[in-house]
Amino acid sequence: AQSVTQLDSHVSVSEGTPVLLRCNYSSSYSPSLFWYVQHPNKGLQLLLKYTSAATLVKGINGFEAEFKKSETSFHLTKPSAHMSDAAEYFCVQMDTGRRALTFGSGTRLQVQP
Amino acid sequence: SQTIHQWPATLVQPVGSPLSLECTVEGTSNPNLYWYRQAAGRGLQLLFYSVGIGQISSEVPQNLSASRPQDRQFILSSKKLLLSDSGFYLCAWNAGGRTDTQYFGPGTRLTVL
């Protein structure tokens, strides 16, 4: 069975400083990986996805993620945090057979003024 | 463009009462449909998925069931709710085939008392 590990349950940064949210995925020949964001009491919004094209994936709102096969990692970064980035972030891997998603446990990002 | 609807947005139900949550998708045909549940402070767990009318696959044994009476309609039901059924229920769809991005509805917050 697939598993996705988000290494930090909470991350706190100051506004204007870099953001790093860490994720490790199950080894797979050709994984499909995603980052979703969830603001309080809201649904999930897709930030970015990796599907075996470029290893550095750019997403919305200035986020990007780097796929590293040797480390089975897919960490999410942003150069400068905004207050509006405060939310829960989920790293996700798709099961290519069922086309269903396996979610990490989430990382809550706090942005301090 | 495609749109996904869920209702109700919030629901408070007593233990032992029945449940019916509805999800509909507009702007696409023959989508793959999914029900996920997010318990408090946890990631999302896949409950059911469907690749076509009347075709339901269950991921987790429990007192919930799902049905797909029409191509773009997906219903989550229970005959008798348990306290542990409380959570945030999200419906999602993707276009099937080789398309892998899933799009989520706004969610239903269910509280069982």
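Before going into details, it helps to say that this report is about the structure given with it. (Residues numbered from 1 in each chain as written. Chains lettered and ligands numbered in written order. Predicted model: local features only at pLDDT ≥ 70, side-chain atom pairs only at ≥ 80, totals over all residues. Heavy atoms only, no water.)

Of note, the bond from B:W7 into B:P8 is cis; its omega dihedral lies within 30 degrees of zero at 0 degrees. Locating B:P8 in the fold gives a position in the loop between β1 (3-7) and β2 (10-13). Of note in the backbone geometry, A:T72 takes a positive phi value of approximately 45 degrees without being a glycine. In this fold, A:T72 is placed in the loop between β8 (64-68) and β9 (73-78). For A:T72, a relative accessible area of 23% puts it in the partly exposed group. (Helix = DSSP H or I, 4+ residues; strand = E, 2+ residues; numbered from the N terminus. Buried < 20%, exposed > 50% of the residue type's maximum accessible area, 1.4 Å probe, protein only.)

A word on the pattern of salt bridges. Residue and element names in this part refer to chain A. In total, this model carries six salt bridges over all chains according to the counting rule given. Here K78 ties to D85 by a salt bridge, and the two come within 2.8 Å at their closest N and O atoms. Grouping residues by exposure puts K78 and D85 together as buried. (Salt bridge = Lys/Arg side-chain N within 4 Å of Asp/Glu carboxyl O.)

This part takes up the pairing of β8(A). Consecutive residues of a regular strand have side chains that alternate between opposite faces of the sheet. Residue and element names in this part refer to chain A. The two faces of β8 differ: A65 and F67 on one face are buried, but E64, E66 and K68 on the other face are not. Bridge count for strand β7 (residues 56-58) against β8 is three bridges, and the pairing is antiparallel. If you follow K58 over to β8, its bridge partner there is E64. The antiparallel hairpin formed by β7 and β8 contains five residues in its connecting segment, where N61 sits at a positive phi of about 60 degrees. Note that β8 and β9 share five bridges and pair antiparallel. Paired with F67 across the bridge in β9 is F74. What sits between the antiparallel neighbours β8 and β9 is a turn of four residues, in which T72 has the positive phi angle 45 degrees. (Pairing = 2+ DSSP bridges.)

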